[in-house]
There are 2 protein chains.
Amino acid sequence: MSEQQNSSATPVTAAVLVIGDEILSGRTKDRNIGFIAEYLTNIGVDLKEVRVVPDEHQEIVDAVNALRRRYHYVFTTGGIGPTHDDITADAIAAAFGVSIDVDERAVQELLKRLRREDLTPARLRMARIPAGAELVLNEVSSAPGFWIGNVITMAGVPAIMQSMMDWVGPRLRTGQRMLSTSIRADAREGDVAAPFGEVARVFPDVIMGSYPFNDEKGFNTNLVLRSRDAARLEQARQAVEAMLAALPSRDATGVARP
Amino acid sequence: MSEQQNSSATPVTAAVLVIGDEILSGRTKDRNIGFIAEYLTNIGVDLKEVRVVPDEHQEIVDAVNALRRRYHYVFTTGGIGPTHDDITADAIAAAFGVSIDVDERAVQELLKRLRREDLTPARLRMARIPAGAELVLNEVSSAPGFWIGNVITMAGVPAIMQSMMDWVGPRLRTGQRMLSTSIRADAREGDVAAPFGEVARVFPDVIMGSYPFNDEKGFNTNLVLRSRDAARLEQARQAVEAMLAALPSRDATGVARP
């Protein structure tokens, strides 16, 4: 509980911007959205929106500008490698209206794992950093991301992005953590929906969601309750448990009737 | 090649809108974006943008309206179940400015797998369809999605969504299929970047991307070429192969030097 007492009561919000033709073509299946979503939830930052855009300059600029004006933080992934299709850094610079050039701090990072003779013009592209940005380091690759204003630009390769998140996480302003509890209903969603909705109306300050799933026993439902207030969450949990215990379609074994 | 000859030369574009708090909290890892992306690419529809928004009415309305004006098709997933947090259908109706009510066609679909006495008011929510929409059927669940204007609303449960895509796919207008070829460079991305960029400049009509990966032999790179023109794609592929053969950092075994 101590981390909650130390954090702000005002929610801190974020968006993720995934940049990459390979995600939109389906060739690469994104694994970064889910990781960042879970990471932010765990540290008390609310992910409110995700966008995926192609490797096109104006698309990236427009998305960055739309998102950075709306949320406290924007996390981008992808497009910071050495090839001609890696255009994220230039697009971020354009979005902020600042210049971009090879950054000596980034060159020094690259030289930690590369010989100077391997620092080709292509690899030097990875040291292009918008003016005024801080570097975002990682333990996997020597190529840095960067942080300018409220926009944090990270690699698309999951292992590198995850290491960058570990660098960024402790430096973020966080809000009070959203707490959640999941209750297995042992009932079909259509049978639990009406009484669950009634409980939700009694607790307008607790976010309640319902997620159907199938297992070997048939249709079932997870009920998820979310609140920043531990006491209210517990009251709501007890109300949902009481509602479930009274469900006529739930038999004595706790298994949903077919 | 016959499917290409029968299709339009004008690209057909699409966006995906994922609706769900559970994706943004990280509790559920999305599997629908990648599936739809690959499906659309395979039938000749270009996925140009993805957004993920929470279960909030105005957020859904705004995203639907932004995307449907910009792309030929918008595919939504999530939020069409029986519980109080399933608000997608009402938001789509609001986005189109049409009414929404229980639809007799949808009731008949539900009755194919439900007894009439199980058709509770909560389950009847799944039969609420915006006025003027067509039903989107599936083989997994009796609850339908719907199609209004250029917006196709599908379930969030992957198995149901995938069955709905199989129903929708043959009914879509498609463009000439984007062809692609992937070439394993056997070189580090930083070594292949400059000559690869030169080939890309010679073939401005072929989209070229570079995707680093790691395997037991060390750092390596996949080069992906994409074009709707099979002959141009083949010319570009040969140019890339010739470029790779001439790479000084690639040894005779075809394995990248460390």
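Predicted, not measured: the structure shown is a model, and the values here were computed from it.

A.B. asks: Honestly, the overall build of chain A in this entry has me stumped. Any pointers?
C.D. replies: In terms of regular secondary structure, chain A is built from ten helices and eleven strands. Against the compact-globule benchmark of 18 Å for 258 residues, chain A has a radius of gyration of 23 Å, which places it well outside the compact range. Its C-alpha atoms put chain A at 75 × 40 × 30 Å along the principal axes. The 258 residues of chain A split such that 58% are buried. Put simply, of all contacts in chain A between residues at least 6 apart along the chain, 70% involve residues at least 24 apart. If the 29 positive side-chain charges of chain A are averaged to one point and the 34 negative ones to another, these points end up 2 Å apart.

A.B. asks: It is not clear to me how the UniProt feature "domain: MoaB/Mog" (unreviewed entry) in chain A should be interpreted in this structure. Could you clarify?
C.D. replies: Mapped onto this structure's residue numbering, the UniProt feature "domain: MoaB/Mog" (unreviewed entry) falls at residues 15–175 of chain A. Secondary structure within residues 15–175 of chain A divides into 37% helix and 22% strand; the distance between the first and last C-alpha atoms comes to 15 Å.

A.B. asks: Mind showing me how you'd approach helix α10 (residues 230–245) of chain B here?
C.D. replies: Given 3.6 residues per turn, any residue in an α-helix points the same way as the ones three and four places further on. Residues and elements named next belong to chain B. Here α10 spans 23 Å end to end across 16 residues, near enough to the 22 Å set by a 1.5 Å rise per residue. Taken as a whole, α10 has its buried residues at L233, A236, V240, M243 and L244. Buried positions in α10, seen along its axis, are confined to an arc of 95° and lie on one side of it. Next to the buried residues of α10 lie β9 (179–184), α9 (189–202), β10 (207–215) and β11 (218–227). Measuring from the side-chain oxygen of the N-cap residue of α10 to the backbone nitrogen of A231 gives 2.9 Å; that N-cap residue is D229.

A.B. asks: Hey, could you run me through the relation of the copies chain A and chain B in this one?
C.D. replies: Turning one copy of the chain about an axis and sliding it along that axis gives the other copy, so a rotation and a shift relate them. Note on the identical chains: chain A maps onto chain B by a rotation of 180° and an axial translation of 0.0 Å, with an RMSD of 0.0 Å. With respect to symmetry, the two chain copies, as superposed, fit the operation of a two-fold axis. Measuring from the rotation axis to each C-alpha of chain A, the shortest distance belongs to A:R51, at 2.2 Å.

A.B. asks: Can you walk me through the domain arrangement of chain A in this structure?
C.D. replies: A common measure of how large an interface is: the accessible area buried when the components associate. Domain annotation of chain A identifies domain 1 (2–171) and domain 2 (179–245). Each of domain 1 of chain A and domain 2 of chain A was reduced to a C-alpha centroid, and the two centroids are 36 Å apart.

A.B. asks: Explain the sheet that holds strand β11 (residues 218–227) of chain A here, please?
C.D. replies: Sheet strands line up and pair through hydrogen bonds in the backbone, either parallel or antiparallel. Residue and element names in this part refer to chain A. Read across the open sheet, the three strands follow the order β9-β11-β10; overall the sheet is antiparallel. Of all strands in the sheet, those bounded by a partner on one side alone are β9 (179–184) and β10 (207–215). When the angles between neighbouring strand axes are averaged without regard to direction, this sheet yields 20°. Against the sheet, helix α9 (residues 189–202) engages β10 and β11, with an angle of about 165° to β10.

A.B. asks: Please explain unusual backbone geometry as it appears in this structure.
C.D. replies: Most peptide bonds are trans, and most residues other than glycine sit at a negative phi. Residue and element names in this part refer to chain A. The phi dihedral of D186 falls on the positive side, at around 50°, and the residue is not glycine. For D186, the position within the fold is in the loop between β9 and α9. Residue classification places D186 among the buried positions, given a relative accessible area of 15%.

A.B. asks: I would appreciate a short explanation of the interface of chain A and chain B in the present structure.
C.D. replies: Contacts between the two partners involve 55 residues from chain A, matched on the other side by 55 residues from chain B. For the pair chain A and chain B, the summed buried surface comes to about 4,300 Å²; carbon and sulfur atoms form 51% of the total. Per-residue buried area on chain A facing chain B is highest for A:L24, A:R27 and A:H84; these three make up 13% of the total on that side. A salt bridge links B:E38 to A:K29, with the nearest nitrogen and oxygen atoms 2.6 Å apart. Across the contact surface, chain A and chain B share 20 residue pairs in polar contact (both at pLDDT 80 or more). If you list the elements that add at least two residues to the side of chain A that touches chain B, you get α2 (21–24), α3 (32–43), β2 (46–53), α7 (121–124), α9, β10 and β11 of chain A. Tallying contributions element by element places α9(A) first for the side of chain A that touches chain B, with eight residues. When its residues are assigned to classes, the side of chain A that touches chain B shows 22 nonpolar, 14 polar and 19 charged. Sheet analysis places β2(A) next to strand β2 (residues 46–53) of chain B, joined by three bridges and oriented antiparallel. The residue of β2(B) that forms the bridge with A:V50 is B:V52.

About the cut-offs
Residues numbered from 1 in each chain as written. Chains lettered and ligands numbered in written order. Predicted model: local features only at pLDDT ≥ 70, side-chain atom pairs only at ≥ 80, totals over all residues. Heavy atoms only, no water. Helix = DSSP H or I, 4+ residues; strand = E, 2+ residues; numbered from the N terminus. Rg over C-alpha atoms; globule rule 2.2 N^0.38 Å. Buried < 20%, exposed > 50% of the residue type's maximum accessible area, 1.4 Å probe, protein only. Contact = heavy atoms within 4.5 Å. Lys, Arg positive; Asp, Glu negative; His and termini not counted. Charge placed at Lys NZ, Arg CZ, Asp CG, Glu CD. UniProt positions renumbered as here; feature names shortened; annotations may be inferred. Expected span 1.5 Å × (residues − 1). Arc of directions from axis to C-beta. Polar contact = N/O pair within 3.5 Å; in protein donor to acceptor, adjacent residues only side chain to side chain. Least-squares fit on C-alpha atoms with pLDDT ≥ 70 in both. Domains from an automatic or database assignment. Pairing = 2+ DSSP bridges. Axes fitted to C-alpha atoms, helices over the stretch in contact; angles between N-to-C directions. Buried area = accessible area lost by both parts, 1.4 Å probe. Salt bridge = Lys/Arg side-chain N within 4 Å of Asp/Glu carboxyl O. Nonpolar A, V, L, I, M, F, W, Y, C, P; charged D, E, K, R; others polar.

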